[in-house]
Amino acid sequence: MVVVAVLLLPALGLLLFTMTYLEDRLFGDPGPPRHARRRHLRLVPGGRAREASPARNPARAEPRSGDRDAA
């Protein structure tokens, strides 16, 4: 009985490895498509001109206190 168990141990190990490999291949996250382009920057029209212009209402801007938390 022990001899049969020792002889079956490598076969069961190989079966476990094979099933794990197949599971990962079948149910894993698919990679990006081969034809997909790299991400390009999407430019906002007039973005640089708005940064250079002064604030519209500087008098309305109130300084924020440092003791406020986001939570």
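Residues numbered from 1 in each chain as written. Predicted model: local features only at pLDDT ≥ 70, side-chain atom pairs only at ≥ 80, totals over all residues. Heavy atoms only, no water.

A tally of regular secondary structure across the protein chain gives two helices and zero strands. Within the protein chain, buried positions represent 0% of all 71 residues. About 8,400 Å² of surface is accessible on the protein chain, with carbon and sulfur atoms providing 60% of the total. (Helix = DSSP H or I, 4+ residues; strand = E, 2+ residues; numbered from the N terminus. Buried < 20%, exposed > 50% of the residue type's maximum accessible area, 1.4 Å probe, protein only. Areas by Shrake-Rupley, 256 points an atom, 1.4 Å probe, with all protein chains shown as cover.)

We now examine a nonpolar patch on the surface. Together, Val 4, Leu 8, Leu 12, Leu 14, Leu 15, Phe 17, Met 19, Tyr 21, Leu 22, Leu 26 and Phe 27 make up a nonpolar patch on the protein surface, roughly 1,200 Å² of accessible area in all. Locating Leu 22 in the fold gives a position in helix H1 (residues 2-27). For Leu 22, a relative accessible area of 41% puts it in the partly exposed group. (Patch = residues over 30% accessible without salt bridge, like charges linked within 9 Å, V, L, I, M, F, W, Y side chains within 5 Å. Salt bridge = Lys/Arg side-chain N within 4 Å of Asp/Glu carboxyl O.)

Looking now at H1. Between the first and last C-alpha of H1 there are 36 Å, a value that for 26 residues agrees with the 38 Å anticipated at 1.5 Å per step. Where H1 bends most, the angle comes to about 30°, and this point is Leu 9, followed within four residues by the proline Pro 10. Counting buried residues along H1, only zero of its 26 residues qualify, which leaves the element largely exposed. (Expected span 1.5 Å × (residues − 1). Bend = angle between axes of the 7 residues up to and from the residue.)

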